[in-house]
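# Secondary and tertiary structure notes
Each chain is listed here by its residues.
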Amino acid sequence: DVSDPERLIQCPLVKHHRIRARRFPYHLVKCKKNNPEIAKKLATCPFNARHLVPQADLCDHIMKCNDKAFMEQDVVSRSCEPPQEQLNNGSTWQAPPCHEDWET
């Protein structure tokens, strides 16, 4: 269950570390700092920074990542919104004149 902050998650850096979901982001930062050699071999998923995978497996992970669907859905919903100029078509606001001379 993704919404359970008490569930245990296995650390991708040190396999015997099991961390509560609510503490997982903090643990990743600390564990990366404490294990720089292991961290160098891992890549971060572009859809979810909590996903650390071996660099060689990143392309495969990106194709299968569950969070990719959320990102794609967000992009589609944004493309269906009206352009910004249509939202502000009734505005008559204009920037005030500027008399500053930055050269002097």
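Preceding this paragraph is the structure being described.
An account of the accompanying structure is given in this report. Because the structure is a prediction, the values reported are computed rather than measured.

### Here we look at the environment of Asn34
For Asn34, the position within the fold is in helix 1 (residues 24-34). Under the relative-accessibility criterion, Asn34 is labelled exposed at 53%.

### A short note on the nonpolar core
Residues Ile9, Cys11, Leu13, Val14, Ile19, Ala21, Phe24, Leu28, Cys31, Leu42 and Leu52 constitute the largest nonpolar core, which totals 11 residues. Counting residues per element, this core draws most heavily on helix 1, which supplies three residues.

### Observations concerning the pattern of salt bridges
Following the criterion strictly, the structure yields four salt bridges and no others. For the salt bridge of Asp60 with Lys64, the shortest nitrogen-to-oxygen distance reads 3.4 Å. Within this pair, Asp60 and its partner Lys64 are both found in helix 3 (residues 58-64), separated by four residues, close to a single helical turn. Within this structure, Glu6, Arg20 and Arg22 form a network of salt bridges that share partners.

Rules used in this analysis
- Residues numbered from 1 in each chain as written.
- Predicted model: local features only at pLDDT ≥ 70, side-chain atom pairs only at ≥ 80, totals over all residues.
- Heavy atoms only, no water.
- Helix = DSSP H or I, 4+ residues; strand = E, 2+ residues; numbered from the N terminus.
- Buried < 20%, exposed > 50% of the residue type's maximum accessible area, 1.4 Å probe, protein only.
- Core = buried A, V, L, I, M, F, W, Y, C linked by side-chain atoms within 4.5 Å.
- Salt bridge = Lys/Arg side-chain N within 4 Å of Asp/Glu carboxyl O.

Without other data, these values stay purely geometric and don't point to any function.
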